[in-house]
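Chain by chain, the residues:
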Amino acid sequence: ADWAAAVAAVHGLPAGGTVLLVCHVNPDGDALGSMLGMALGLRRLGITQLQATFPGATAGSGDDGYAGPPEVPEPFRWLPGLDLLVPAADAYPAPDLFLCFDAASASRLGGLADRLGTAGAAVVLDHHASNTRFGGIHLVDPGAAATSVVAEGLLNRLEVPLDAEIAQCLYVALATDTGSFRFDMTTPAVHEMAARLIATGISPGVISRRIFDTRPFGAVRLYGDVLQRAKLEPEAAGGVGLVWTYATLDDLARHGQKPYVLEALIDSVRCAAEADVSCVVKQAGPGEWAVSMRSKGAVDVSRVAVALGGGGHRLAAGFTGRGSVDDVIGSIRAELRGA
Ligand code: 5GP
Ligand code: MN
Ligand code: MN
């Protein structure tokens, strides 16, 4: 990783230099947590011209005491550093320093990817094996359990001490991407990092309840509908067992729910013992679907996702599907047959 170049880019900022931090579209806990943890760290260094955003972020109304972009999912609306978030349209057009988080490809940055060309320096912090090595300075570690591991590495090299606010952000990111320290990449180093974060005084119980275990009642009923229609195909493709379901915008509307409540749906689906691969197809618009895939180990779903225009990790990947649900599932079956 280009640690020295990244540190030099931060230290080389001119007085009053502008810094723009961006994470991937439809941000998850790792995207928001690693970005905001780093933003807080840069603020500790005395950097004041500091903005964070993500594709699609708009201006908040200030209702309910929350003034940030309405696109930040409710479970994350308590994170420290949310005050640094700006609408994507207001982001510095040509920042002196551009940092991006948890994006495997420039396309995950939407229109904000143009800063890769206009910024004085562009640092990519990521952990996807499928990272396309876009941008100038690469802090890409496919062995890292979360982008926040990379972010902590950079903060450490910038000699920013961890405080409870930074730690809350990085902990959310780490807990999200390790599935609460259950997935294979939960290494000794992951637990050591968690120990450093918890030692700042943060509460894993409170954080976990907020981000994983607090949803509107309507989300419970929505899960009932969507799980009811799950399909098991024990021999979907070349002997690979597939379990899948889908959720439409109408399903969300019927239960008065927002798309973020479906993020954990894949966890309920993937526990089917008969299936090697699981899949959830979530409608994003007319004929447009956000697809989540998981593997139990034998199948590399990131290969399937990359072949279909997305990306991710061996055991967890996704892509944007087009057409009908049958079209999307059909394309996955075809790729599984070839994989
Ligand atoms: P999830 O299913 O939790 O949304 O995503 C699982 C993994 O797949 C994450 O690492 C995420 O970055 C990746 N992923 C999900 N959707 C997409 C997508 O549309 N494009 C790309 N490139 N990666 C995706
Ligand atoms: Mn992510
Ligand atoms: Mn991640």
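Residues numbered from 1 in each chain as written. Chains lettered and ligands numbered in written order. Predicted model: local features only at pLDDT ≥ 70, side-chain atom pairs only at ≥ 80, totals over all residues. Heavy atoms only, no water.

## Focus: the coordination of the manganese ion (ligand 3)
Part 1 of the reasoning: Within the first shell, the manganese ion (ligand 3) binds the protein through Asp30 (OD), Asp102 (OD), His127 (NE2) and Asp177 (OD), at distances of 2.1 to 2.2 Å.
Part 2 of the reasoning: A separation of 3.9 Å is found between the manganese ion (ligand 3) and the manganese ion (ligand 2), both of which receive a donor from aspartate 102. With aspartate 30 in helix 2 (residues 29-44) and aspartate 177 in helix 5 (residues 164-177), this residue pair connects regions lying 147 residues apart in the sequence.
Part 3 of the reasoning: Residue class for aspartate 30 comes out buried when judged on its relative accessible area of 0%. (Donors = N, O, S within 2.8 Å, 3.2 Å for Na, K, Ca; no water. Helix = DSSP H or I, 4+ residues; strand = E, 2+ residues; numbered from the N terminus. Buried < 20%, exposed > 50% of the residue type's maximum accessible area, 1.4 Å probe, protein only.)

## Some remarks on the coordination of the manganese ion (ligand 2)
Part 1 of the reasoning: Bound to the manganese ion (ligand 2) are the protein donor atoms His24 (NE2), Asp28 (OD) and Asp102 (OD), situated 2.0 to 2.3 Å from the metal.
Part 2 of the reasoning: For the manganese ion (ligand 2), the donor residues sit on a single chain with the sequence spacing H-x3-D-x73-D.

## Points about helix 12 (residues 325-338)
Part 1 of the reasoning: In a regular helix each residue adds 1.5 Å, so 14 residues correspond to 20 Å; helix 12 covers 20 Å between its end C-alpha atoms and thus fits that length.
Part 2 of the reasoning: Buried residues of helix 12: Val325, Val328, Ile329, Ile332 and Leu336, and no others. Buried residues in helix 12, looked at end-on, bunch into an arc of 90 degrees, giving them a common side. Along helix 12, the residues that are exposed and aim more than 90 degrees away from the buried face are Asp326, Arg337 and Gly338.
Part 3 of the reasoning: Elements that come into contact with the buried residues of helix 12 comprise strand 6 (231-237), strand 7 (240-247), strand 8 (277-285), strand 9 (288-295), helix 11 (301-307) and strand 11 (316-322). (Expected span 1.5 Å × (residues − 1). Arc of directions from axis to C-beta. Contact = heavy atoms within 4.5 Å.)

## Some remarks on the site of ligand 1
Part 1 of the reasoning: Every one of the 13 residues lining ligand 1 counts as a neighbour, but His128, Ser292, Arg294, Gly311 and His313 are closest to it.
Part 2 of the reasoning: In the model, an oxygen atom of ligand 1 is placed 2.9 Å from a nitrogen or oxygen of the histidine 128 side chain.
Part 3 of the reasoning: Between glycine 311 and ligand 1, the recorded distance is 3.1 Å, taken from a backbone N or O atom to a nitrogen atom.
Part 4 of the reasoning: The fraction of the free accessible surface of ligand 1 (490 Å²) that becomes covered by protein chains is 81%. (Near = heavy atom within 4 Å. Polar contact = N/O pair within 3.5 Å; in protein donor to acceptor, adjacent residues only side chain to side chain. Areas by Shrake-Rupley, 256 points an atom, 1.4 Å probe, with all protein chains shown as cover.)

## Regarding the environment of valine 277
Part 1 of the reasoning: With respect to the helices, strands and loops of the structure, valine 277 is situated in strand 8.
Part 2 of the reasoning: Valine 277 sits 212 residues away from glycine 65 along the chain, and the two C-alpha atoms are 42 Å apart.
Part 3 of the reasoning: Once residues within four sequence positions are removed from consideration, valine 277 is found in contact with Val240, Gly241, Leu242, Val243, Arg294, Val299, Val301 and Leu336.

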